[in-house]
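One-letter residues, chain by chain:
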Amino acid sequence: QGSHLSHGIEGGREYGLFEKQLTLLEEAEGGFDQFTRSYKSYGVQRMPDNSLVFKEWAPAAEALFLTGDFNGWDNFSHPYSKKDFGKWELHIPPKEDKTPAVAHNSKLKVSRPGERLYRISPWAKYVTRHEKSVIYDWVHWDPPQPYVHKHPRPQKPRSLRIYESHVGIASPEGKVASYSNFTHNVLPRIKDLGYNCIQLMAIMEHAYYASFGYQVTSFFAASSRYGTPEELKELIDVAHSLGIIVLLDVVHSHASKNTEDGLNRFDGSDSCFFHSGPRGEHSLWDSRLFNYSGWEVLRFLLSNLRWWMEEYRFDGFRFDGVTSMLYHHHGIGSGFSGDYTEYFGLHVDEDSLVYLMLANHILHTLYQDCITIAEDVSGMPTLCRPVQEGGLGFDYRLAMAIPDKWIQILKEFKDEDWNMGNIVYTMTNRRYGEKCIAYAESHDQALVGDKTLAFWLMDKDMYTNMSALIPMNSVIDRGIQLHKMIRLLTHGLGGEGYLNFMGNEFGHPEWLDFPRVGNNESYHYARRQFNLVDLDHLRYRQLYAFDRDMNRTEDKYGWLAAPPAYISAKHEGDKVIVFERANVIFIFNFHATNSYSNYRVAVGPPGKYKIKLDSDEIQYGGHGRLDHNTEFFTEPMEFNNLPNSILVKQRCK
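Residues numbered from 1 in each chain as written. Predicted model: local features only at pLDDT ≥ 70, side-chain atom pairs only at ≥ 80, totals over all residues. Heavy atoms only, no water.

Colleague: Please provide a residue-by-residue account of the overall build of the protein, values included.
Modeller: A count of helices and strands for the protein gives 14 helices and 28 strands. The C-alpha radius of gyration of the protein comes to 27 Å, within 12% of the 26 Å expected for a compact globule of 653 residues. In terms of principal-axis extent, the alpha carbons of the protein reach across some 85 × 60 × 45 Å. Here the protein holds 653 residues, and 59% of them are scored as buried. (Helix = DSSP H or I, 4+ residues; strand = E, 2+ residues; numbered from the N terminus. Rg over C-alpha atoms; globule rule 2.2 N^0.38 Å. Buried < 20%, exposed > 50% of the residue type's maximum accessible area, 1.4 Å probe, protein only.)

In structure tokens form, the structure reads like this:
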């Protein structure tokens, strides 16, 4: 509570700025609703009489022209008219047969006199690229039979179990996979695994595939490399029919520097959507930084959020790069220890803070079940407290220290030297009242140059010794057992939600490497080998089965939605961790060689306990040493500060 009160005092200025901006939005022409739904008027709109209206914002431009297939690429036949406040407008009447002058799927460009660059409208809803071209084209998307959503949004889940996905790599084939492939082949797997949420990466159009979707060029366009907008709508609709919500990995922290197919220098200046000078450049990402105090920038970004919610029916967002937004230094060269001076002061970017407060307030006001997640490594206090408290209004933050911790200990220590207390501290080191999404490994760890948990644990043995038809060697045996325990410990103790990057649920054997010059444009590693799970004789299937049953067990008992766990044991000698959450007792034995019989465990509620999930089961690649018919009765014997305890006897089958 102290941290909340502190931010209420220190953050009073930001809340005042937020209230002022919100009032201005409510008083804007057309009101709050129209301002935040500007995608309905900017770009290109078809009117009831089939005339087309094109609107742009380019305050530094001296003239704008529209050219394309519709006028034989005549550069100067269709000039925009200049309006107030840097706005431009072009009205094109319908053809004689009353059909629109610009046909569905025809190409368009915006041009300025004296410039060789043809530009794409910042509000373009669909852009494509010819196979041999490096530049994207603006395509007028106005299908005669647009996709109609059939299924309502599922209710917001109490326990959030997220399957982080990239559509393009979601196939064993060495190519860019499609929305349709994801709908028909991947969604059933996600449902079977027990995840109730999908987080889609790399959907906002990006010219460079290997950027993982984080160098966005067209903010309103769903990436055409996977298929059409209608196919993405179908993907989301089918996910909803399965009871799965879908979040968009939204990138509002920066934008690609591309000029011909990006936002950069759209009106000829370096400050159209961005700060001019050094403040508008991200030195590490080589990208442009938005001017969040700009009226038209707010219109663009807030409308962008509503576009994805309403046109595609996403259920919320994971905001990328929040740390970069929060501070003028963008987190570059800054270590965050948790001291309050790191979070409050002149180095905090108030414009960005106010934008995030506005975005969260608008989303949660308009869409009751909307979920927002912040990717912030700094630990900004009250990031996940309501705006009314002076917080930023996110529902969850990513617990980014957890995957870093697992990688650190796997790199630096033999597993017999792991420190139980240090692991537990990292799992539980989060601000009370601010929800976290825990995850054991991030998508960055799957990239070439790093290793996934499975690779750190088993390395080259994964290529030769994953057959279930032969006895496990010591490397595979220990690796498989630790892989399951790491995931379950993270799931049970690390947060109020859980995230898995696609493929990691079965210990994907290879890294990710997108096609690039350095690998001869190969797609060999830009894929996920789901086919390995379908082979009965490989142990990947066993890791998959454990992930599935871990999620299904959580769905039954709901520990993610429960208050934080009570940790009753973190024994360094025994290498044992015991905690209780949602009336479920979690017992982990990380010892490399020791098993324990008659091991006393502290318990809160008295009664009878039974084994509900056992990582040692044969179907999970274990050794099947426990008898699941055993019943464990509590004794009124105080132990480790809890009123009851049970004696856990490893009664073998």
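Colleague: Could you give an account of the sheet that holds strand β11 (residues 197–201), naming the residues involved and the relevant values?
Modeller: In spatial order, the strands read β10-β11-β14-β17-β18-β19-β20-β21; together these eight strands close into a barrel with parallel pairing. Direction aside, neighbouring strands of the sheet carry axes that sit 30° apart on average. Each of β17 (316–319) and β18 (371–374) touches helix α8 (residues 350–366); the most contacted strand, β17, lies at about 160° to it. (Pairing = 2+ DSSP bridges. Axes fitted to C-alpha atoms, helices over the stretch in contact; angles between N-to-C directions. Contact = heavy atoms within 4.5 Å.)

Colleague: Go over the sheet that holds strand β24 (residues 584–589) with me, naming the residues and quoting the values.
Modeller: An order of β22-β23-β24 is seen for the three strands of this open sheet, with the pairing classed as antiparallel. Either end of the sheet is taken by a strand with one partner, and the two such strands are β22 (566–571) and β24. Across the sheet, the mean angle from the axis of one strand to that of its neighbour is 10°, orientation sign disregarded. Where strand β23 (residues 576–581) and β24 come together, six bridges link them in antiparallel fashion. Residue Phe579 lies in a different strand from β24, and its bridge partner there is Phe586.

Colleague: Talk me through the packing of aromatic side chains; I want residue IDs and the actual numbers.
Modeller: The full count for this structure, using the stated rule, is 47 aromatic pairs. For the ring pair Phe35 and Trp295, a centre distance of 4.8 Å and an interplane angle of 55° mean the geometry is tilted. Of this pair, Phe35 sits in helix α3 (residues 31–35) while Trp295 is found in helix α6 (residues 295–311), placing the two residues 260 residues apart along the sequence. Relative to Phe590, the ring of Phe588 lies with its centre 6.0 Å away and its plane at 15°, an arrangement referred to as stacked. The cationic tip of Lys125 hangs over the ring face of Trp307; the distance from NZ or CZ to the ring centre is 5.2 Å. In this structure, Lys451 packs its charged tip against the face of Trp456, placed 4.7 Å from the ring centre. (Phe/Tyr/Trp six-rings, centres within 6.5 Å; stacked < 30°, edge-to-face > 60°. Lys NZ or Arg CZ within 6 Å of the ring centre and 35° of its normal.)

Colleague: Which residues make up the packing of helix α10 (residues 420–428) against helix α13 (residues 474–493), and what values go with them?
Modeller: Relative orientation of the contacting elements α10 and α13 amounts to 45°, with a least axis distance of 9 Å. One element, α10, and the other, α13, form an angle in the oblique class. For the pair α10 and α13, the sense of crossing is right-handed. Between α10 and α13, the contacting residues are Ile423, Val424, Met427 and Thr428 on the first element and Leu489, Thr490 and Leu493 on the second. Here the residues of the contact of α10 with α13 sort into five nonpolar, two polar and no charged. (Parallel < 35°, antiparallel > 145°, perpendicular 65-115°, else oblique. Left-handed = near helix turned anticlockwise from the far one by under 90°. Nonpolar A, V, L, I, M, F, W, Y, C, P; charged D, E, K, R; others polar.)

Colleague: Quick one: what's the story with the UniProt feature "active site" (unreviewed entry) in the protein, residue by residue and with numbers?
Modeller: Residues annotated by UniProt as "active site" (unreviewed entry) correspond here to Asp320 and Glu375. On the basis of their most widely separated C-alpha atoms, the annotated residues across 56 residues gather in one place, lying no more than 5.5 Å apart. In this structure, Asp320 sits in the loop between β17 and α7 (322–326). If we ignore the near neighbours within four places in the chain, the residues touching Asp320 are Tyr214, Asp249, Val250, Val251, Ser253, His254 and Glu375. Of note, Glu375 is situated in the loop between β18 and β19 (396–398). (UniProt positions renumbered as here; feature names shortened; annotations may be inferred.)

Colleague: Any chance you could break down helix α14 (residues 540–557) for me, citing the residues and the numbers?
Modeller: Over its 18 residues, α14 extends 26 Å from the first C-alpha to the last, a length consistent with the 26 Å expected when each residue adds 1.5 Å. Looking one or two residues beyond α14, the residue adopting positive phi is Gly558, at roughly 70°. (Expected span 1.5 Å × (residues − 1).)

Colleague: Summarise the environment of Ile423; cite the residues concerned and give the values.
Modeller: Tracing the sequence through the fold places Ile423 in helix α10. Look at Ile423 and you get buried, because its relative accessible area is 2%. Note: C-alpha distance between Ile423 and Ile402 (21 residues apart in sequence) is 8.7 Å. Other than its neighbours up to four places away in sequence, Ile423 contacts Trp406, Ile409, Trp418 and Leu489.

Colleague: I'd like to hear about α13, residue by residue, with values.
Modeller: For an α-helix, 3.6 residues make a turn, and residues three or four places apart therefore share a direction. For α13, with 20 residues, the first-to-last C-alpha span of 28 Å sits near the 28 Å given by 1.5 Å per residue. Burial analysis of α13 places 16 of its 20 residues in the buried class, which makes it a mostly covered element. Backbone nitrogen of Val475 and a side-chain oxygen of the N-cap are separated by 3.2 Å at the start of α13; the cap is Asn473. (Polar contact = N/O pair within 3.5 Å; in protein donor to acceptor, adjacent residues only side chain to side chain.)

Colleague: Please provide a residue-by-residue account of unusual backbone geometry, values included.
Modeller: A positive phi angle is found at Lys575, which is not glycine, with a value near 60°. You can see Lys575 is positioned in the loop between β22 and β23. We classify Lys575 as buried; its relative accessible area is 11%. Not every positive phi belongs to a glycine, and Ala582 is a case in point at roughly 55°. Note that Ala582 resides in the loop between β23 and β24. Note on Ala582: relative accessible area 27%, which makes it partly exposed.

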